[in-house]
Amino acid sequence: MALFSSVTPAFIAIICVLIGVILKKTNGKKEKHETKSKSLSRPWVDEDLKDGTDHHLEEEDVDEEWQGPDENIAHVPFFAERYSEGEMIKRSQMFYELLNKRRSVRFLSDEPVPREVIDNVIRTAGTSPSGAHTEPWTFVVVQDPYLKHKIREIVEEEEEINYKKRMGDRWVNDLKRLRTNWIKEYLDTAPYLILIFKQVYGWLPNGKKKTHYYNEISVSIACGILLAALQNAGLYTVTSTPLNCGPQLRVLLQRPANEKLLLLLPVGYPKKEATVPALTRKPLKDIMVIM
């Protein structure tokens, strides 16, 4: 009994030490996990650039009835132009060669561009497919020098913060080889800026909100078609996603609350001294899988 009594304090002390070590390790792992979670968080993600396809409208705002303009849309015969196999191969090769010349150009001239060309490329973008044919896009064309400069001021102010604080070292280092920074001279010099807004919802004649299905994907497809149309017309641009600028630009351009900025494209001719990074594209075998 005396032996047990003398051992008990030492035994208890050992147990306490072990518990302390276990708690320390547990807290350490928890702190490490929290630190990792914080480092993996993405404070640079712009709310406007988040996928809006899961946007849920308030129940009282949704009209459960058919939201289209006509319950019985007429269907008409479809006549497609068909080419011979040789012509198909030739046309597909030529189109590839045309778009393979597309590059992101950050040095744009202030040389005027015919307005009719801009009208036509946006008409072309408007042929894009969309969820339930909601056509959830707005293309805002800015040519006024004052507005272009205000846009540049807003973008550069936020981009400097993005580069220095929000984006993180890895992203900034990945961009260094492309020699990009927060200075966006092309926002002043390009004859046109095209700002593409996605409409996360629309409005029905009765004032109720109209669901825009797959608005993010629909507008993204339209942007791809717009890029192809610009290349076809001999114009150049650089795809710009102005992080954390959406609300300010929306107010500046007097766009409604249901529109969120997705992409900003400066459009024009390259400067004579323009340069681009010597990049290569992945070969077909690396981007296509045949099953």
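Everything numeric here is computed off the predicted structure, so don't read it as measured data. (Residues numbered from 1 in each chain as written. Predicted model: local features only at pLDDT ≥ 70, side-chain atom pairs only at ≥ 80, totals over all residues. Heavy atoms only, no water.)

*Asks:* Sorry, what's going on with the confidence of the model for the chain here?
*Replies:* Do not read the fine detail of predicted coordinates wherever pLDDT is low. Averaged over all residues, the pLDDT of the chain equals 82, while 69% of them reach at least 70. In the model, residues 30-41 has pLDDT below 50 throughout and makes zero contacts with residues more than four positions away in sequence or in other chains. (pLDDT = per-residue confidence, 0-100. Contact = heavy atoms within 4.5 Å.)

*Asks:* Can you walk me through the pairing of strand β2 (residues 192-199) in this structure?
*Replies:* Regular strands place side chains that alternate from one sheet face to the opposite one. A large share of β2 lies buried, amounting to eight of its eight residues. By the alternation rule, side chains of β2 split into Tyr192, Ile194, Ile196 and Lys198 and Leu193, Leu195, Phe197 and Gln199, which are all buried. When strand β1 (residues 137-142) meets β2, the two strands line up antiparallel, connected through six bridges. Considered in β2, the bridge of Phe139 is made with Ile196. In terms of strand pairing, β2 meets strand β5 (residues 259-267) through eight bridges, oriented antiparallel. Bridge assignment links Leu193 to a residue of β5, and that residue is Pro266. (Buried < 20%, exposed > 50% of the residue type's maximum accessible area, 1.4 Å probe, protein only. Helix = DSSP H or I, 4+ residues; strand = E, 2+ residues; numbered from the N terminus. Pairing = 2+ DSSP bridges.)

*Asks:* Looking at this structure, how should I read the sheet that holds β5?
*Replies:* Strand-to-strand pairing in sheets goes through backbone hydrogen bonds, with the strands running parallel or antiparallel. Pairing in this open sheet of three strands is antiparallel, and the strands run β1-β2-β5 from one edge to the other. The open sheet has two edge strands, β1 and β5, and neither has a second partner. Sheet twist, expressed as the mean angle between neighbouring strand axes with direction ignored, is 20°. (Axes fitted to C-alpha atoms, helices over the stretch in contact; angles between N-to-C directions.)

*Asks:* I keep staring at the packing of aromatic side chains and nothing clicks. Help me out?
*Replies:* How two aromatic rings sit relative to each other is given by the distance of their centres and the angle of their planes. Scanning all chains against the criterion turns up one aromatic pair. Residues Tyr201 and Trp203 carry aromatic rings whose centres are separated by 5.5 Å and whose planes lie at 85° to one another, so their mutual orientation is edge-to-face. Owing to a relative accessible area of 10%, Tyr201 belongs among the buried residues under this scheme. The ring centre of Tyr201 lies 4.5 Å from the NZ or CZ of Lys209, which sits over that ring. (Phe/Tyr/Trp six-rings, centres within 6.5 Å; stacked < 30°, edge-to-face > 60°. Lys NZ or Arg CZ within 6 Å of the ring centre and 35° of its normal.)

*Asks:* So what exactly am I meant to see when it comes to the pattern of salt bridges here?
*Replies:* Where side chains of opposite charge bring their charged atoms close, a pairing between them can arise. Here the structure, examined in full by the defined rule, presents eight salt bridges. Arg115 is the partner of Asp119 in a salt bridge, and the nearest nitrogen-oxygen pair spans 2.8 Å. Highlighted residues: Asp119 and Arg115, both in helix α3 (residues 115-125), separated by four residues, approximately one helical turn. A relative accessible area of 45% means that Arg115 is categorised as partly exposed. For Glu156, the salt bridge identified is with Arg152, shortest N-O distance 2.8 Å. Taken as a pair, Glu156 and Arg152 lie in helix α4 (residues 145-166) at a separation of four residues, close to a single helical turn. Relative accessible area serves as the criterion here: at 17%, Glu156 is assigned to the buried category. Among the charged side chains, a network of salt bridges with common partners joins Arg152, Glu156 and Asp188. (Salt bridge = Lys/Arg side-chain N within 4 Å of Asp/Glu carboxyl O.)

*Asks:* What is the right way to look at a nonpolar patch on the surface in this model?
*Replies:* Taken together, the side chains of Tyr213, Tyr214, Ile217 and Ile221 define a hydrophobic patch exposed on the protein surface, amounting to about 400 Å² of accessible area. Among the secondary structure elements, Ile221 is positioned in helix α7 (residues 215-232). Overall, Ile221 belongs to the partly exposed group, its relative accessible area being 35%. (Patch = residues over 30% accessible without salt bridge, like charges linked within 9 Å, V, L, I, M, F, W, Y side chains within 5 Å. Areas by Shrake-Rupley, 256 points an atom, 1.4 Å probe, with all protein chains shown as cover.)

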